[in-house]
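Single-letter residue listing:
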Amino acid sequence: MSYFKDIPKVTYEGRHASNPYAFKFYNPEEQVGGQSMKDILRFGIAYWHTFTGDGGDPFGSGTAQRPWDHLKGMDLAKARVEAAFEFFEKIDAPFFCFHDVDVAPEGDTLRESNKNLDVIVNMIKDYMKDSKTKLLWNTANMFTNPRWTHGAGTSSHADVYAYAAGKIKKGLEVGKELGAENYVFWGGREGYESLLNTDMKLEQQNLANLYHMAIDYAKELNFDAQFLIEPKPKEPTTHQYDFDVATATAFLHQYDLQDHFKFNIEANHATLAGHTFEHELRVARDSGMLGSVDANQGDLLLGWDTDEFPTDLYATTLAMYEILKNGGLGRGGLNFDAKVRRGSFETEDLFHAHIAGMDAFAVGLKVAQKMIDDNFFETIVDQRYQTYQTEIGQKIIAGQTDLKELEAHAIDLKDIDVRSGQVEKIKARINQYLLNI
Ligand code: XUL
Ligand code: CO
């Protein structure tokens, strides 16, 4: 049975191609900076948005028209696996990602849910044998079911906490079974709605303990996936504990978890935190903790997590610059945590959206590599900070001076030659790079 029978396999046809089912810029085998595009970009398909989501929003029900809509329960779950692997093959996806509840329906108990999950995981494992598509990461959904109302690892109820621990245990076993490269912790409802009824210290300590238990169990399983924290400042809770990379870094250090985690950075979460995407990538890169990316974009006019497919070439270029300067994403990848708009309800839109996202990152990659080859940003930054190459400047950056010596240096200074930052000149050059690829 084919779910996408009218859609051909998507291949690279070049920037002037008119075929909507062709990549215009993403050419998997093309070498960029000595590596193939496919190996640098490591695209992932988010199961929840592409195969499970129905296009519903807080104001209206689902609109998506999917060839598996007539099915229910385990039959629906099985059809989605078949459709997913057909989709991966047609779009040439190296990776996919899922939450436990995306792939298998929950039962009345954790035992029943695990039973359903085992059936589907076995099926996925069979499909993976004949597929090039690997598991970038899996995770446990601990935010949808009403039991998670007050959080999971930060719940006010010990039974809910134990339930969360059980879900993570199973998630690690599933990740091991399917050879996942990473395991993600997005703190869905780990935060608070109101400080008036919240013991923040207890909640954060409990969450840290849960992470330590997960580290121990992964060791016991011999599961060597990279653990990833995915920061988000708000939504669904008013204040999420993993607010942004800087906040989550402090949390990891406070509870001695810093050697066991990297970050999965989502563009739309960055902008919700009042940062740019590249800011969050930079903070993680500077501390050696950039692990993976949820590739999407938000709508600054709306201000919630709209999870749009990334099409903004400026943003993908600056993101790819950070990723290349990081030496790539290692075991991470670019997971499209993105959904087609509610109005884009036809099945073929799933293809158009992924093609648009893959092409946008391919452009970003090529432009960023060209800038790096030209030492574009490096030259600007070196010049801007050149006074740190003087005697006193070198002492400052080496931490080998003191207030007395610096006062003596400054006390008779007049007319310091502070230079323009020239940000408009830089932006004009970036536009030239973008138009010249
Ligand atoms: C929610 C979000 C999640 C995580 C995985 O905003 O980004 O889908 O990526 O739980
Ligand atoms: Co995400």
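Residues numbered from 1 in each chain as written. Chains lettered and ligands numbered in written order. Predicted model: local features only at pLDDT ≥ 70, side-chain atom pairs only at ≥ 80, totals over all residues. Heavy atoms only, no water.

Peer 1: Explain the sheet that holds strand S5 (residues 43-46) residue by residue, including any values.
Peer 2: Pairing is parallel in the closed barrel, where eight strands are placed in the order S5-S6-S7-S8-S10-S12-S13-S14. Ignoring strand direction, the axes of neighbouring strands in this sheet form an average angle of 30 degrees. Alignment of strand S10 (residues 226-230) against strand S12 (residues 261-266), held across three bridges, turns out to be parallel. Paired with Ile229 across the bridge in S12 is Phe263. Packing of helix H7 (residues 200-221) onto the sheet brings it into contact with strand S8 (182-186), S10 and S12, and relative to S10 it is tilted by some 155 degrees. (Pairing = 2+ DSSP bridges. Helix = DSSP H or I, 4+ residues; strand = E, 2+ residues; numbered from the N terminus. Axes fitted to C-alpha atoms, helices over the stretch in contact; angles between N-to-C directions. Contact = heavy atoms within 4.5 Å.)

Peer 1: Talk me through the coordination of the cobalt ion (ligand 2); I want residue IDs and the actual numbers.
Peer 2: For the cobalt ion (ligand 2), the protein coordination sphere consists of Glu230 (OE), Glu266 (OE), Asp294 (OD) and Asp337 (OD), at 1.9 to 2.2 Å. For the cobalt ion (ligand 2), the six donor atoms are set out with angles of 80 to 170 degrees between them, so the coordination reads as octahedral. Along the chain, the residues donating to the cobalt ion (ligand 2) fall in the pattern E-x35-E-x27-D-x42-D. Here the residue Glu230 occupies a position in strand S10, and Asp294 occupies one in strand S13 (residues 290-294), the gap between them amounting to 64 residues. Judged by its relative accessible area of 3%, Glu230 falls in the buried class. Classification of Asp294 as buried rests on a relative accessible area of 0%. (Donors = N, O, S within 2.8 Å, 3.2 Å for Na, K, Ca; no water. Tetrahedral: all angles 85-135°; square planar, octahedral: opposite > 155°, others 65-115°. Buried < 20%, exposed > 50% of the residue type's maximum accessible area, 1.4 Å probe, protein only.)

Peer 1: Give me the pattern of salt bridges: which residues, what numbers.
Peer 2: Counted according to the given criterion, the structure contains 22 salt bridges. Here Asp305 and Lys232 are joined by a salt bridge, their closest N and O atoms 2.8 Å apart. Here the residue Asp305 occupies a position in the loop between S13 and helix H11 (313-325), and Lys232 occupies one in the loop between S10 and strand S11 (239-240), the gap between them amounting to 73 residues. There is no split in this pair, since Asp305 and Lys232 are both buried. A salt bridge links Glu322 to Arg282, with the shortest nitrogen-to-oxygen separation between them at 2.9 Å. Of the two residues, Glu322 is situated in helix H11 and Arg282 in helix H10 (residues 277-286); the sequence distance between them amounts to 40 residues. Residue Arg282 is classed as partly exposed on the basis of its relative accessible area of 36%. (Salt bridge = Lys/Arg side-chain N within 4 Å of Asp/Glu carboxyl O.)

Peer 1: Please give an account of helix H16 (residues 423-435) that cites residues and values.
Peer 2: The terminal C-alpha atoms of H16, which comprises 13 residues, lie 19 Å apart, in line with the 18 Å expected from a rise of 1.5 Å per residue. Every buried residue of H16 is listed here: Ile426, Ile430, Tyr433 and Leu434. When H16 is viewed along its axis, its buried side chains cluster within an angular range of 95 degrees and face the same direction. The outward face of H16, more than 90 degrees from its buried face, is lined by the exposed residues Glu424, Lys425 and Leu435. Where H16 is buried, its residues meet H11, helix H12 (348-373) and helix H13 (376-384). (Expected span 1.5 Å × (residues − 1). Arc of directions from axis to C-beta.)

Peer 1: How would you summarise the environment of Gln31 if you had to cite specific residues and measurements?
Peer 2: Inspection of the secondary structure puts Gln31 in strand S3 (residues 31-32). For the pair formed by Gln31 and Ile411, sequence separation is 380 residues and the distance between their alpha carbons is 55 Å. Polar side-chain contacts of Gln31 include one of 3.5 Å to the backbone nitrogen of Gln35. (Polar contact = N/O pair within 3.5 Å; in protein donor to acceptor, adjacent residues only side chain to side chain.)

Peer 1: Which residues make up unusual backbone geometry, and what values do they have?
Peer 2: The linkage connecting Glu235 with the following residue, Pro236, adopts the cis geometry, with an omega of 10 degrees. On the secondary structure map, Pro236 appears in the loop between S10 and S11. Phi is positive for Arg42, close to 45 degrees, though the residue is something other than glycine. Summarising the element assignment, Arg42 is placed in the loop between helix H1 (37-41) and S5.

Peer 1: Which residues make up the environment of Gly188, and what values do they have?
Peer 2: By the element assignment, Gly188 lies in the loop between S8 and strand S9 (191-192). The sequence separation of Gly188 and Val381 amounts to 193 residues, and the corresponding C-alpha distance is 38 Å. Among residues more than four places away in sequence, those in contact with Gly188 are Phe143, Pro236 and Gln240.

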